Amino acid sequence: MQQSKYLDFLAEFGVGGAHPGGIELTKEIFKNENINRLSRVLDVGCGTGQTAAYLAYTYGAKVTGMDINPIMVDKALSRMHSNRLPVRVLHGSVEEMPFPNQSFDIIICESVLSFVDKPKALSEIHRVLRDGGRFLGIELTVNDPLEKELEKEIKEFYGFESFCSKHDWVNLCKEAGFENIRVKKNKSIQSPPDFQHSTDISPELYEVMAEHYNLNLQYQEELDYRIYTCTK
Ligand SMILES: C[S@@+](CC[C@H](N)C(=O)[O-])C[C@H]1O[C@@H](n2cnc3c(N)ncnc32)[C@H](O)[C@@H]1O
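Residues numbered from 1 in each chain as written. Predicted model: local features only at pLDDT ≥ 70, side-chain atom pairs only at ≥ 80, totals over all residues. Heavy atoms only, no water.

1. A look at the site of the ligand
Keep this limit in mind: A molecule or strand has a residue near it when one of that residue's heavy atoms lies within 4 Å. Pairs of N or O atoms are called polar contacts if they sit within 3.5 Å, as long as, within protein, a hydrogen donor faces a hydrogen acceptor (for residues adjacent in sequence, only side-chain-to-side-chain pairs). Each accessible area is a Shrake-Rupley estimate made with a 1.4 Å probe; only the visible protein chains count as cover when residues are assessed. Only Asp, Glu, Lys and Arg are considered charged, only Ala, Val, Leu, Ile, Met, Phe, Trp, Tyr, Cys and Pro nonpolar, and every remaining residue, Gly among them, polar.
Around the ligand there are 21 residues in total, and A18, H19, G45, D67 and V94 lie nearest to it. Between the ligand and V94 there is a distance of 3.0 Å, counted from a nitrogen atom to a backbone nitrogen or oxygen. In this structure, E110 approaches the ligand through a main-chain N or O atom, which is 3.0 Å from a nitrogen atom. Calculation on the ligand without its partners gives an accessible area of 590 Å², and the protein chains cover 98% of this total. Here the residues of the shell around the ligand are counted per class, giving 11 nonpolar, eight polar and two charged.

Have a look at this one:
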């Protein structure tokens, strides 16, 4: 993972639903999936665990959350504890996961893959998913190549590895071995904010937050996203 003040901001402010569309978009996506109390679900890069908690509460699914940031893991665990939800939350990287092959029926990844080595992460996701299992991703997607200067600025600020178009993502999923790849866009959904602030937030992270909202506003056309669903 690259150094990212943005990810530090998300962790210290405890921003839940830190993906485009937030939890309401997640709810829409799962309406089209076959999920029940027997489903083994992994939310990888789970952040503060809003999605993992929702899936355990709503469907009674056997949910595991995993994140590389220890602050996120603590906040997700505290969410599960206060809501009395039997969700396992682990510290670890999507690039090398501590699970045997075919451990999950569904894996969801919400705004995580842009921060990591994508082929490595997708091949790990494919490995730990059972045959016929589903991978669901909500990921940053550029419609056109960005100008060099802008690309550099955004990459440095967010700590992104690289930018992908819709076709790049589809090819990456294919190369990892996924089939039945579908791409959707849903820009109309918004969700209420969800925060779990740390007690002592570094002052510079307030500036990072302001910069993030500015960049988002200024480049909302360029920094688009898509929902990717596919089958192993
Ligand atoms: C934009 S946030 C999204 C969090 C959560 N999925 C959500 O929607 O609220 C990106 C998350 O990916 C996590 N992350 C970054 N690199 C990771 C890696 N290599 N393995 C697992 N999680 C990672 C970050 O710590 C952060 O919690």
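2. Observations concerning the pattern of salt bridges
Under the convention used in this document: Definition used for salt bridges: Asp or Glu carboxyl oxygen within 4 Å of a side-chain nitrogen of Lys or Arg. Helix and strand assignments follow DSSP, with helices taken as H or I runs no shorter than four residues and strands as E runs no shorter than two, numbered in order from the N terminus. Any residue under 20% of the maximum accessible area for its type is buried, any over 50% is exposed, and the rest in between are partly exposed; the area is computed with a 1.4 Å probe on protein chains only.
Tallied over the entire structure, the rule returns 13 salt bridges. Residue E151 pairs with K155 through a salt bridge whose shortest N-O separation is 3.6 Å. One end of the pair is E151 and the other is K155, both in helix α6 (residues 148–158) and four residues apart, which spans about a single turn. The class of E151 is partly exposed, set by a relative accessible area of 21%.

3. Overview of the environment of S202
Its location among the elements puts S202 in the loop between β6 (179–184) and α8 (204–218). For the pair formed by S202 and F13, sequence separation is 189 residues and the distance between their alpha carbons is 9.9 Å.

4. Concerning the sheet that holds strand β1 (residues 40–44)
Two strands in a sheet stick together by hydrogen bonds in their backbones, pointing the same way (parallel) or opposite ways (antiparallel). Going by this rule: Two strands make a pair as long as DSSP finds a minimum of two bridges between them. Working convention: axes come from line fits to C-alpha atoms, limited for helices to the stretch in contact. Angles between N-to-C directions cover 0 to 180 degrees.
One open sheet accounts for seven strands, arranged β3-β2-β1-β4-β5-β7-β6; its pairing is mixed. Each edge of the open sheet carries a strand with a single partner, namely β3 (88–91) and β6. Between one strand and the next, the sheet's axes are offset by a mean angle of 20 degrees, whatever the strand orientation. Both strand β2 (residues 62–67) and β3 contribute to a ladder of four bridges, which runs parallel. Counted as the bridge partner of G65 is V89 from β3.

5. Topic: the nonpolar core
Just so we agree on the cut-off: Residues belong to one nonpolar core when they are buried, are Ala, Val, Leu, Ile, Met, Phe, Trp, Tyr or Cys, and are joined through side-chain atoms within 4.5 Å.
With 53 residues, the main nonpolar core has I125 and F135 as its most contacted residues. Element by element, the count of residues in this core is highest for helix α1 (residues 5–13), at six residues. Core analysis: the next-biggest nonpolar cluster, separate from the first, contains 27 residues, C46, V63, V73 and L136 among them.

6. Things to note about the state of the cysteines
Note the threshold: The definition used for a disulfide is geometric: two cysteine sulfur atoms within 2.5 Å.
Evaluation of the coordinates by the stated rule reveals zero disulfides. The structure places no disulfide on C164, whose sulfur is separated from the nearest cysteine sulfur, that of C173, by 9.4 Å. The class for C164 is buried, based on a relative accessible area of 7%. For the unlinked cysteine C230, the closest cysteine sulfur is that of C173, found at 4.4 Å.

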